[in-house]
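Chain residues, written in single-letter form:
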Amino acid sequence: MWCHMTYSIFRALSGFLFYSTRLRDGSASRALLSGLCPESKKIPQPKFPTISLPLQRFFKALTMNATTIAPAITFERGDLTEATLLSLYQRLLKPRMIEDKMLILLRQGRVSKWFSGIGQEAISVGITCALLPDEFIFTLHRNLGVFTSRDIPLERLFCQWQGKASGFTKGRDRSFHFGTMEYHIVGMISHLGPQLAVAGGVALAHKLQHEGRVSVAFTGEGGTSEGDFHEALNVAAVWQLPVIFVIENNGYGLSTPTQEQYRCENLADRAIGYGMRSVIIDGNNILEVYRTFSQLAAELRENPEPVLVECRTFRMRGHEEASGTKYVPQELMDFWAAKDPLSNYEQYLLQTGVLNDAKIEAMRQEIRHEIEAGLAVAFEEPAIQSSAAQELADVYAPYIQQVVTPATPAKREKRFIDAVSDGLRQAMEKHDNLVLMGQDIAEYGGVFKITEGFVAQFGKERVRNTPICESAIVGIGLGLSLKGHKAMVEMQFADFVSCAFNQIVNNLAKLYYRWGENADVVVRMPAGGGMSAGPFHSQSNEAWFAHTPGLKVVYPANPYDAKGLLLASFEDPNPVIYFEHKGLYRSLTEAIPDDYYTVEIGKARLEQEGNAVSVITYGMGVHWAKKITAEMGVDAEILDLRTLLPLDYEAIIATVKKNGKVIILHEDTLYGGIGGEIAAYISENLFEYLDAPVLRAAGLDMPIPFAAPLEQLFMPAERFKRQLARLMGY
Ligand SMILES: Cc1ncc(C[n+]2csc(CCOP(=O)(O)OP(=O)(O)O)c2C)c(N)n1
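Cut-offs used in this document
- Residues numbered from 1 in each chain as written.
- Predicted model: local features only at pLDDT ≥ 70, side-chain atom pairs only at ≥ 80, totals over all residues.
- Pairing = 2+ DSSP bridges.
- Helix = DSSP H or I, 4+ residues; strand = E, 2+ residues; numbered from the N terminus.
- Axes fitted to C-alpha atoms, helices over the stretch in contact; angles between N-to-C directions.
- Contact = placed C-beta atoms within 7 Å.
- Core = buried A, V, L, I, M, F, W, Y, C linked by C-beta atoms within 7 Å.
- Buried ≥ 20, exposed ≤ 12 C-beta atoms within 10 Å, placed from the backbone.
- Near = placed C-beta within 6 Å.
- Nonpolar A, V, L, I, M, F, W, Y, C, P; charged D, E, K, R; others polar.
- Right-handed = clockwise from strand over helix to strand, strands pointing away.
- Domains from an automatic or database assignment.
- Parallel < 35°, antiparallel > 145°, perpendicular 65-115°, else oblique.
- Left-handed = near helix turned anticlockwise from the far one by under 90°.

Visitor: Before we go on, may I ask you to explain the sheet that holds strand β11 (residues 463–465) in this structure?
Guide: Strand pairing in a sheet relies on backbone hydrogen bonds. The paired strands run either parallel or antiparallel. Spatially, β11-β10-β12-β13-β15-β14-β20 is the arrangement adopted by the seven strands of the open sheet, whose pairing is mixed. At either margin of the open sheet sits one strand with a lone partner, and together these are β11 and β20 (643–645). When the angles between neighbouring strand axes are averaged without regard to direction, this sheet yields 20°. Where helix α20 (residues 559–571) meets the sheet, it contacts β10 (434–438), β12 (486–490), β13 (521–527), β14 (552–554) and β15 (576–581), and its direction lies at approximately 165° from that of β15.

Written out as structure tokens, the structure is:
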């Protein structure tokens with residue numbers, strides 16, 4: 001009574017937030033959560049509204065009172081069997097005992113880093129137990145309970161944390177930064193938000209394949225401030241994907257309290273803006289978590305849609321062990337300590353007679369043995385050994401290219417743009433698991449009309465208009481790939497890829513090296529200038545990606561290669577960034593095979609043989625080189641690189657040895673461009689064959705401007721002429 005009165009007064013004074021388990025849209029499935037944890041309603045959050053100091057003191061006094069007078073977690077057994085109750089207890093106990101052990105090892109200097117989930121375990125455990133074993137869970141750094149509840153052998157987890165070979169990443173990534181297809185868990189990359197969309201991609205695959213499955217992705221409340229959170233939820237809502245987004249609202253980011261992280265009352269309220277349902281639950285109540293997710297998952301398997309679940313909880317230890325918890329008021333700690341998910345549940349089971357001291361001790365004993373046995377194996381395993389060659393060999397998923405030649409000699413005149421379209425259509429015909437995604441690519445056919453007519457032939461499920469969410473769409477592509485699909489993402493203009501940069505360079509590119517799963521995604525990039533389109537529709541940004549191990553970067557210069565390289569990109573299981581120069585789309589025509597064929601990725605091509613100098617170039621550069629060398633009457637050999645990553649060093653070596661004079665030409669800016677890399681390679685390895693310095697001609701080191709006269713200043717053609725003349729002077 002006193003407790004209720006106190007809270008009512010406080011609420012009136014400060015507008016402090018209370019929560020209860022409830023659906024947030026007030027419409028469908030209201031029955032879902034009725035009866036769930038009706039008494040777990042009055043748990044203060046560590047959110048201090050802007051109130052005066054005396055009120056703040058009042059608030060603190062209240063939370064202090066709350067420590068002693070707040071109701072303990074109230075558990076609702078419902079129809080759960082004794083076996084389920086006990087199993088949940090055992091699964092809750094296990095990560096806690098592992099953590100207790102880890103904290104000891106940490107103090108002994110036998111473990112390097114630890115992100116504690118103590119106090120939050122009921123969320124990981126409850127959710128995992130509520131899902132089917134083949135439903136994917138996308139975890140963060142505090143979700144040990146997911147891994148243990150999927151029964152991963154502890155020695156493997158311990159080896160992972162020690163960077164040993166028997167872990168999940170061959171020592172290549174730390175702690176929980178790994179995925180395992182065997183256990184249907186995909187761990188985070190450090191950037192927190194990107195995995196949310198990947199979960200959406202898996203959910204899309206479930207939907208396309210009518211599998212009746214859901215995926216679940218975790219975020220902290222801090223992570224909800226990232227753009228990736230917004231994009232992932234938006235796309236999931238628009239596409240009605242069966243994915244449950246879980247916010248573990250534990251009061252603090254690294255040290256940042258919630259009131260400095262977001263301003264809305266409840267994070268769950270954001271779902272309204274995305275047009276999805278949401279629920280707020282007590283994350284410390286294992287039965288509430290388990291029941292909520294069991295019911296939600298059952299619903300979503302039948303009727304796919306996304307749901308946002310905000311789990312209120314608290315992180316009882318530092319962000320990672322070294323960072324401590326000095327910034328947390330003691331009374332808040334005390335309050336949440338009283339709400340510990342394990343001890344409360346244990347108490348409940350003891351009171352109801354489901355558990356007794358003997359059973360607890362037996363379970364503890366069993367887990368203790370399991371931990372000690374696992375640790376013994378992990379400590380015994382020697383430190384990982386490898387070699388540069390071995391590591392390099394694992395950057396890309398293994399794949400032996402089969403170059404496909406056209407079945408018949410039939411050819412037709414095709415513009416560059418038609419060749420891209422032709423390749424895309426034949427890729428769709430060959431790979432019925434290929435999904436195309438991009439802005440306006442469906443009925444409208446894309447801004448360049450490359451996918452015109454595709455919806456009629458392949459349907460809207462495989463030719464998907466996307467919201468303007470580049471990052472999420474690349475993430476969705478990765479999720480599709482995890483489920484055995486091939487995915488293509490069309491950037492409307494290559495410039496917009498910056499919005500998806502993280503997904504490409506950190507998620508797609510590093511996935512195979514980190515934990516051995518390939519990312520079968522092609523990103524198409526209409527790039528390049530010359531059309532007075534200004535700094536954001538004209539860039540040549542291939543060097544951003546050529547610098548990233550794990551990606552392949554191709555850049556065709558003619559219709560034949562455009563089609564063949566595109567088809568090769570779809571055959572390759574690795575992520576491929578496919579550049580197509582917009583200036584070539586309608587200016588270049590060639591008779592190319594009607595049939596399906598591929599052009600080898602990683603193989604350059606001699607556009608023109610010559611004996612005076614070698615021009616190494618790609619894309620539009622090939623055409624400038626041809627024109628200018630002809631105009632200047634230079635007997636030039638023109639090497640079209642076609643692939644920028646991996647480079648065809650053999651072809652470079654051959655032409656350098658042949659002519660001894662080399663100039664590299666590209667539209668991309670000079671500083672840090674591909675030309676610098678090739679020049680460095682030649683001077684390091686082929687110095688003896690050179691008769692002159694390796695010269696470069698490239699875009700000016702400035703943003704590419706709009707007005708035609710300015711754009712001409714940017715373009716390298718004039719500088720190429722001067723550099724060529726200089727080279728011929730040697
Ligand atoms: C993009 C990005 N920015 C910053 C960080 C550094 N960082 C790691 S965890 C963290 C706090 C995350 O808070 P929250 O999302 O609430 O999750 P919690 O750790 O509380 O579970 C920060 C700032 C990061 N990993 N990634």
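Additional details are given in the paragraphs that follow.
Visitor: In this structure, what is going on with the nonpolar core? I would like to understand it.
Guide: A general feature of soluble globular proteins is that nonpolar side chains tend to end up buried together. Membership of the largest hydrophobic core comes to 189 residues, with the highest contact counts inside it found for Ala199, Val216, Ile244, Val246, Val523, Tyr578 and Ile663. Phe314, Val328, Leu332 and Phe335 belong to the second-largest nonpolar core, a separate cluster that totals five residues.

Visitor: Help me understand unusual backbone geometry in this model?
Guide: Note: most residues except glycine have negative phi, and most peptide bonds are trans. Residue Pro646 follows Leu645 across a cis peptide bond; omega there is 0°. Within the secondary structure, Pro646 sits in the loop between β20 and α23 (649–659). Located in the positive-phi region is Asp151, a residue other than glycine, with phi close to 60°. Secondary-structure assignment places Asp151 in the loop between α5 (144–149) and α6 (154–161). Asp151 gets classed as exposed once you count the C-beta atoms within 10 Å, which come to 12. Positioned with a positive phi, Leu192 is a non-glycine residue whose angle comes to about 70°.

Visitor: So what exactly am I meant to see when it comes to the site of the ligand here?
Guide: Around the ligand, the structure places 16 residues, and the nearest of them are Gly220, Gly222, Gly223, Gly253 and Leu254. Looking at the shell around the ligand, its residues break down into four nonpolar, eight polar and four charged.

Visitor: What exactly am I supposed to notice about the pairing of strand β6 (residues 243–249) here?
Guide: In summary, the side chains of a regular strand alternate between the two faces of the sheet. When you tally the buried positions in β6, you get seven out of seven residues, the bulk of the element. On β6, burial covers both faces: Val243, Phe245, Ile247 and Asn249 on one face and Ile244, Val246 and Glu248 on the other are all buried. Here strand β5 (residues 215–220) pairs with β6 via six bridges, running parallel. Residue pairing in the sheet places Ala217 in a bridge with Phe245 of β6. The parallel pair β5 and β6 is bridged by helix α8 (residues 227–238), and the resulting crossover is right-handed. The sheet contact formed by β6 and strand β8 (residues 307–312) spans six bridges and is parallel. By the bridge assignment for β8, Val246 is matched with Val309.

Visitor: Even after reading the chapter, I still don't get the domain arrangement of the chain, so can you show me in this structure?
Guide: In many reports, interface size means the accessible area that the parts give up when they come together. Per the domain assignment, the segments making up the chain are domain 1 (24–44 + 94–380), domain 2 (411–593) and domain 3 (605–728). For domain 1 versus domain 2, the distance between C-alpha centres works out to 35 Å. Every contact between the two is made by 28 residues of domain 1 and, on the other side, 23 residues of domain 2. Contributions of two or more residues to the side of domain 1 that touches domain 2 are made by α7 (194–208) and α8. In terms of residue count, the dominant contributor to the side of domain 1 that touches domain 2 is α7 (ten residues). Here the side of domain 1 that touches domain 2 is composed, by residue class, of 16 nonpolar, eight polar and four charged.

Visitor: Help me understand the pairing of strand β18 (residues 613–617), please; the structure alone is not making it clear to me.
Guide: A large share of β18 lies buried, amounting to five of its five residues. What you see with β18 is no split at all: Val613, Val615 and Thr617 on one side and Ser614 and Ile616 on the other are buried throughout. With five bridges connecting them, β18 and strand β19 (residues 636–640) associate as parallel partners. Residue pairing in the sheet places Val615 in a bridge with Ile638 of β19. Regarding topology, helix α22 (residues 620–632) serves as the crossover connection from β18 to the parallel β19, and that connection is right-handed.

Visitor: It is not clear to me how the packing of helix α3 (residues 82–107) against helix α12 (residues 341–351) should be interpreted in this structure. Could you clarify?
Guide: The packing of two helices is summarised by the inter-axis angle and the distance between the axes. Here α3 crosses α12 at 150°, and the two axes come no closer than 10 Å. Between α3 and α12, the crossing angle belongs to the class labelled roughly antiparallel. Between α3 and α12 lies a crossing of left-handed hand. Each of Leu85, Tyr89, Leu92, Leu93 and Arg96 in α3 lies in contact with α12, whose residues at this interface are Pro341, Leu342, Tyr345, Glu346 and Leu349. For the contact of α3 with α12, the residue count by class is eight nonpolar, no polar and two charged.

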